[in-house]
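Now for the letters of each chain:
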Amino acid sequence: MEFQKIIDSSIKIRKQYEAKEKKLYGSAWTSEEIALGFVGDVGDLAKLIVAENGKRDITDSKEKLAHELADCLWSVIVLAQIHGVDLENSFMSTMNELEKHLSEG
């Protein structure tokens, strides 16, 4: 799947969440609230990584890990969109910088 399709899907889901949040709370979540939700997802992700490495017992950890990684990616995409960051270009630029740094070492 093209990265732009992943972005478009993420933004579509975010808009649906916004409508639900407005009904439930009177306003959509701010980027700070989305970031805090992301932090919680990263904590869950860390627990699943520990389970995948045999140090924690979590049923269906592989499937849960896949889900949590997707949740984290969704949050990153949404936060990038909210803050006007071209994530695809930023990612490629960062990877190029890292590759250059590693080849110099």
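Preceding this paragraph is the structure being described.
The following paragraphs examine the structure supplied in this document. On a predicted model such as this, the values are computed, not experimentally measured, just so you know.

## Overview of the overall build of the protein
- Along the protein, the regular secondary structure elements total four helices and zero strands.
- Walking the protein from its N terminus toward its C terminus, one meets helices and strands in the order α-α-α-α.
- Dimensions of the protein, computed from C-alpha atoms along their principal axes, come out at roughly 55 × 40 × 25 Å.
- Expressed as a percentage of its 105 residues, the buried residues of the protein come to 20%.
- Across the protein, the fraction of contacts at a sequence separation of at least 24, relative to all contacts at a separation of at least 6, is 52%.
- On the protein, roughly 7900 Å² of surface is accessible, and the fraction owed to carbon and sulfur atoms is 57%.
- In the protein, which carries 13 positive and 19 negative side-chain charges, the distance between the mean positions of the two groups comes to 6 Å.

## Regarding the layout of surface pockets
- Of the volumes computed, that of the largest pocket is approximately 310 Å³.
- Where the lining of the largest pocket is concerned, the elements lending two or more residues are α1 (3–25), α2 (31–52) and α3 (61–82).
- For the lining of the largest pocket, the leading source of residues is α1, giving seven residues.
- Classifying every residue of the lining of the largest pocket gives eight nonpolar, two polar and five charged.

## Some details on α1
- For α1, with 23 residues, the first-to-last C-alpha span of 32 Å sits near the 33 Å given by 1.5 Å per residue.
- On its buried side, α1 packs onto α2 and α3.
- Residue Gly26 follows α1 closely and has a positive phi angle near 90°.

Reading the values: rules and limits
Residues numbered from 1 in each chain as written. Predicted model: local features only at pLDDT ≥ 70, side-chain atom pairs only at ≥ 80, totals over all residues. Heavy atoms only, no water. Helix = DSSP H or I, 4+ residues; strand = E, 2+ residues; numbered from the N terminus. Buried < 20%, exposed > 50% of the residue type's maximum accessible area, 1.4 Å probe, protein only. Contact = heavy atoms within 4.5 Å. Areas by Shrake-Rupley, 256 points an atom, 1.4 Å probe, with all protein chains shown as cover. Lys, Arg positive; Asp, Glu negative; His and termini not counted. Charge placed at Lys NZ, Arg CZ, Asp CG, Glu CD. 1 Å grid on protein atoms, 1.4 Å probe; cavity = no way out; pocket = protein on both sides within 12 Å on 5 of 7 lines; lining within 4 Å. Points joined across faces, edges and corners; volume = space filled by probe spheres on them. Nonpolar A, V, L, I, M, F, W, Y, C, P; charged D, E, K, R; others polar. Expected span 1.5 Å × (residues − 1).

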